[in-house]
Amino acid sequence: IPKIDEVSDEGYTLYGEKRWEVNTHLQEVFENAIDVPHFVVVHGMDVKRTTWKTDGPFGALELDMRRDDDQAAVQVNKDQESWIRSFVYGPGLSLTRVSGSMKGVSVQTLTPIAEEKIEIRHRYYVEKGAENDKMTEFFDFYALDWIRDFDLWNTKMYRPVPQLTDGDGDVGKFRRWYSQFYSHEVVVVDQPAAE
């Protein structure tokens, strides 16, 4: 696992931690990242750009967006913009750098605790000297974006050949990448693009 600079940087401090239990599989959480339309429908984001790149066991998501709702004001900059850079280290660890009204880092761990049940744990790091009330609002809003996905993850059914529509993202590419973390062979069936 690469060194996470903000964790050991003396200019940063651990601000807080959150923990949830969700009835889902590890794969569903990271597969969510390539589902671009859900960012619009579930999270109210006006997505300007998104990319998903992989390199061996590592994945990287870049998401640039605008948010105009009142709640998002705690996270966006004066131009209503924010960006997210998420780095996935294998099937259960990710790091998300969020920028907008302030800079912050969330380290996420996903741990299976029962069949189809996981623990999601976040640890938030911020630059020393940041205003405490702004940090609280910023990270509460960041956590809310995860919480908005819980109903989906708690009820989502895995389908080897999902019913996709235009703009749903490259589920096949993600699943081929994720299959390296299974001890058994996983067959990934590509589905033709929707007409």
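Data block above holds the structure.
Sequence positions are assigned chain by chain, starting from 1 and proceeding in written order. Reporting in this predicted model follows two pLDDT cut-offs: at least 70 for local features of residues, and 80 or more for side-chain atom pairs to be given and counted; totals over whole chains, interfaces and linings ignore these cut-offs and use all residues. Heavy atoms from the whole structure form the basis of all side-chain values; hydrogens and water molecules are not counted.

Chemist: Hey, could you go over the environment of T50 for me, with residue numbers and the actual values?
Modeler: In this text, helices come from DSSP runs of H or I with a minimum length of four residues, and strands from runs of E with a minimum of two, each type numbered from the N-terminal end. With respect to the helices, strands and loops of the structure, T50 is situated in strand β2 (residues 46–55). Accessibility here uses a 1.4 Å probe with only protein chains present; expressed as a share of the type maximum, an area under 20% marks a residue as buried, one over 50% as exposed, and anything in between as partly exposed. Judged by its relative accessible area of 28%, T50 is partly exposed. Considered as a pair, T50 and I84 are 34 residues apart in the sequence and their alpha carbons are 9.6 Å apart. Every residue in contact with T50, bar those within four places of it in the chain, is listed here: V36, L61, E62 and L63. Every residue pair with non-hydrogen atoms within 4.5 Å of one another is taken to be in contact.

Chemist: Can you tell me about the environment of I1, naming the residues and giving the values?
Modeler: Note on placement: I1 falls in the segment before α1 (5–8). Residues I1 and G90, 89 residues apart in the sequence, show an inter-C-alpha distance of 8.7 Å. Residues in contact with I1, not counting those within four places in the same chain, are Y89 and L93.

Chemist: So what's going on with the side chain of T24? Residues and values would help.
Modeler: Its location among the elements puts T24 in the loop between β1 (12–22) and α2 (26–31). Within the structure, T24 has its side chain in polar contact with the backbone oxygen of W153 (distance 3.4 Å). Excluding anything up to four places from it in sequence, T24 contacts V29, E116, K117, I118 and W153. Whenever two N or O atoms come within 3.5 Å, that pair is a polar contact, provided that in protein one can donate a hydrogen and the other can accept it, and provided that, for residues adjacent in sequence, both atoms are side-chain atoms.

Chemist: I'd love a proper account of the pattern of salt bridges, names of residues and values included.
Modeler: Pairing is possible between side chains of opposite charge, provided their charged atoms come close. When a carboxyl oxygen of Asp or Glu is within 4 Å of a side-chain nitrogen of Lys or Arg, the pair counts as a salt bridge. Summed over the entire model, instances satisfying the criterion amount to eleven salt bridges. One salt bridge connects E21 with K117, and the closest N-O pair in it is separated by 3.5 Å. Linking E21 in strand β1 with K117 in strand β7 (residues 117–127), this pair joins segments that are 96 residues apart in sequence. Of the charged contacts in the structure, one is a salt bridge between R175 and E31, with a shortest N-O distance of 3.0 Å. Remark: E31 occurs in helix α2 and R175 occurs in helix α5 (residues 171–178); sequence separation between them is 144 residues. Overall, R175 belongs to the buried group, its relative accessible area being 7%.

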